[in-house]
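Okay, here's what each chain looks like letter by letter:
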Amino acid sequence: MTIANIKPAADLPAVDTEHTDPRSYPHGVAYMDGQYLPMSEAKISVLDWGFLHSDATYDTVHVWEGRFFRLDLHLDRFWGGMQRLRMKIPYSREQVTDILHNCVALSGHKSAYVEMICTRGGSPTFSRDPRQSENRFIAFAVPFGSVANKEQLERGLHVSVSEIVRISPKSVDPEVKNYHWLDLVKGLFDAYDAGGETALVLDENGNIAEGPGFNVFVVKDGGLRTPAFGVLPGITRRSVFDLAAEINLKAVAEDVSRSDLSGADEVFITSTAGGIMPVTKVDGTPISDGSVGPVTRRLMDHYWKKHSDPAWSTEITYP
Ligand code: PLP
């Protein structure tokens, strides 16, 4: 499927770069049931198990200055998730690549947040047997979004640690990117109540796990550490390991206690939604002198430079 011979199902609206009305859909293009649609027309049945039971897996890749960033790694994770959940879609990896590309190209966005989703779907006979469901594939491209806003990126985020424990990896496999977010959303409300801007939640051993849509790193004596247990293996987290190897920084995945966090030289979080983002306060107390540290700055700089490197990114062809 190339951009020349695809037809959107309806006229797509002009790019709304000033998306200020929270009740409206962001400008974007979705693909479902064989058609490209404006975001406002991309709808699923409320009987879909993805909605009723959170029975779905998904992945999000971003586009920056007209290039996908590490798309292959996102596709690997998405395919791995579908396999573990015993889901199947009628598209090959190459076809999904084309669909994602076309959503971005038709949207016109040069910087985009691009999601691929597989839901369990539903059974034509309303059977409760998941094996009888027809799995549903959906993709969409909307404007790029970030966990941290511009001001927070400059001065560092203020994070609060919630007492909430992330769902156990014995219950939900964290390698399958999923929408089990009730713990993360409770963590966010706890953080707001405590005066924080976002949250970190704990693992079942009382160590730091992750936050709503991001992994976390601490920097101590020039080395990096990120939680290993019960967290999504983030692609941005993986990118930090790759960058650290390139610039000779030691990086390990192992337990991070609450005191490792508060006693760190630097703290940052990582997500496709925003990249590497500094944290300068935890539970109201500054990390070191409360400014964005040199290791974080260096990694941020390298990370964004990689977005134009053909080994890490692929170009979009716009119509
Ligand atoms: N942890 C959770 C729970 C997430 O949902 C996400 C991303 O949405 C991440 C971590 C970060 O992963 P990535 O770097 O692949 O965006």
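Let me sum up the structure you'll find in this document. The numbering scheme is per chain: residues are counted from 1 as the chain's sequence reads. Under the rules for a predicted model, residues below a pLDDT of 70 receive no local features and side-chain atom pairs below 80 are neither given nor counted, while totals for whole chains, interfaces and linings still include all residues. To get the side-chain values, all heavy atoms of the structure are used, and hydrogens and water are removed first.

## Some remarks on the pattern of salt bridges
Opposite charge on two side chains allows them to pair when their charged atoms are near.
Thought 1: Just to be clear on terms, a salt bridge is a Lys or Arg side-chain nitrogen sitting within 4 Å of an Asp or Glu carboxyl oxygen. The tally for this structure, following the rule as stated, stands at 25 salt bridges.
Thought 2: The partner of Asp-173 in a salt bridge is Arg-84, with the nearest N and O atoms 2.6 Å apart. With Asp-173 in the loop between β7 (157–165) and α5 (182–193) and Arg-84 in helix α2 (residues 71–84), the pair connects residues that are 89 residues apart, well separated along the chain.
Thought 3: We note a salt bridge from Glu-151 to Arg-155, for which the minimum N-O separation is 3.1 Å. Taken as a pair, Glu-151 and Arg-155 lie in helix α4 (residues 150–155) at a separation of 4 residues, close to a single helical turn.
Thought 4: Three exposure classes are used, based on accessible area relative to the maximum for each residue type with a 1.4 Å probe and protein chains only: buried under 20%, partly exposed in between, and exposed over 50%. Residue classification places Arg-155 among the partly exposed residues on the basis of a relative accessible area of 27%.
Thought 5: One continuous salt-bridge network, built from bridges that share partners, spans Asp-33, Asp-48 and Arg-136. Numbering of helices and strands starts at the N terminus; helices are DSSP runs of H or I of at least 4 residues and strands are runs of E of at least 2.

## Describing the nonpolar core
Thought 1: Each nonpolar core is a collection of buried residues, namely Ala, Val, Leu, Ile, Met, Phe, Trp, Tyr and Cys, held together in the definition by side-chain atoms within 4.5 Å. One finds Tyr-31, Phe-68, Ile-89, Ile-99, Leu-100, Val-114 and Phe-137 to be the most contacted residues of the largest nonpolar core, which totals 27 residues.
Thought 2: At the level of secondary structure, the elements contributing two or more residues to this core comprise β1 (29–32), β3 (56–64), α2, α3 (93–107), β5 (112–122) and β6 (134–143).
Thought 3: The dominant element in this core, judged by the number of residues it contributes, is α3, at 6 residues.
Thought 4: Residues are treated as being in contact if the distance between any of their heavy atoms lies within 4.5 Å. When near neighbours in sequence (up to four residues on either side) are disregarded, Tyr-31 contacts Tyr-36, Tyr-91, Ile-99, Cys-103, Phe-137, Ile-138 and Ala-139.
Thought 5: In terms of nonpolar packing, the next biggest core, distinct from the first, is built from 19 residues, Val-161, Leu-200, Val-216 and Ala-264 among them.

## Comments concerning the pairing of β5
Thought 1: Counting buried positions along β5 yields 9 of 11 residues, so the element is predominantly enclosed.
Thought 2: Note that β5 and β6 share 9 bridges and pair antiparallel. Following the sheet pairing, Ala-112 is matched in β6 by Pro-143. Here, a strand pair is defined by DSSP locating no fewer than two bridges between the strands.

## Considering the packing of α2 against α3
Pairs of packed helices are described in terms of their axes, by the angle between the two and the distance that separates them.
Thought 1: Interaxial angles span 0 to 180 degrees and are taken between N-to-C directions of axes, which are lines fitted to C-alpha atoms, for helices over the stretch in contact. Running from N to C, α2 and α3 point in directions that differ by 120°, and their axes come no closer than 11 Å. Judged on the interaxial angle alone, α3 and α2 are oblique. Our pair here, α2 against α3, has a crossing hand that is right-handed. Where α2 abuts α3, its residues Leu-71, Asp-72, Leu-75, Asp-76 and Trp-79 lie against Arg-93, Val-96, Thr-97 and Leu-100.
Thought 2: Here the term charged refers only to Asp, Glu, Lys and Arg, the term nonpolar to Ala, Val, Leu, Ile, Met, Phe, Trp, Tyr, Cys and Pro, and the term polar to all other amino acids, Gly among them. Across the contact of α2 with α3, the residue classes break down as 5 nonpolar, 1 polar and 3 charged. By the definition adopted for this analysis, an angle is roughly parallel if under 35 degrees, roughly antiparallel if over 145, roughly perpendicular if from 65 to 115, and oblique otherwise. Should the near helix be turned counterclockwise from the far one by less than a right angle, the crossing is left-handed, whereas a clockwise turn marks it as right-handed.

## Here we look at the site of the ligand
Thought 1: Residues are classed as near a molecule or strand on a simple rule: at least one heavy atom within 4 Å of it. The immediate surroundings of the ligand are formed by 16 residues, with Lys-177, Glu-210, Ile-235, Thr-236 and Thr-272 found nearest.
Thought 2: Counting of polar contacts relies on pairs of N or O atoms within 3.5 Å, with two restrictions inside protein: one atom must be capable of donating a hydrogen and the other of accepting it, and residues adjacent in sequence are counted only when both atoms are side-chain atoms. With respect to the ligand, the side chain of Glu-210 contributes an N or O atom lying 2.7 Å from a nitrogen atom.
Thought 3: Take Ile-235: an N or O atom from its main chain is 2.8 Å from an oxygen atom of the ligand.
Thought 4: Burial of the ligand by the surrounding chains reaches 95%, relative to a free accessible area of 380 Å².
Thought 5: Going through the elements one at a time, α6 (235–246) and β12 (266–271) are the ones with two or more residues in the shell around the ligand. Only the protein chains shown count as cover for residues, and the accessible areas themselves come from Shrake-Rupley with a 1.4 Å probe.

## With respect to the state of the cysteines
Thought 1: By disulfide we mean two sulfur atoms from cysteines, separated by a distance within 2.5 Å. Applying the stated rule across the entire model yields 0 disulfides.
Thought 2: Cys-118 supplies the cysteine sulfur nearest to Cys-103, a cysteine that is in no disulfide, at a spacing of 15 Å.
Thought 3: The exposure class of Cys-118 is buried, given its relative accessible area of 0%.

## A closer look at unusual backbone geometry
Thought 1: We note that Asn-248 has phi near 60°; this positive angle belongs to a residue other than glycine.
Thought 2: Here the phi dihedral of Ser-288 falls at roughly 50°; this positive angle occurs in a residue that is not glycine.
Thought 3: On the secondary structure map, Ser-288 appears in the loop between β14 (285–286) and α8 (294–305).

## Focus: the sheet that holds strand β15 (residues 313–315)
Thought 1: If you trace the 7 strands from one edge of the open sheet to the other, you get β2-β1-β6-β5-β3-β4-β15, paired in antiparallel fashion. Looking along the sheet, the strands with just one partner apiece sit at the ends: β2 (35–38) and β15. Ignoring strand direction, the axes of neighbouring strands in this sheet form an average angle of 25°.
Thought 2: Sheet analysis places strand β4 (residues 67–69) next to β15, joined by 3 bridges and oriented antiparallel. Within β15, the position partnered with Phe-69 by the bridge is Ser-313.

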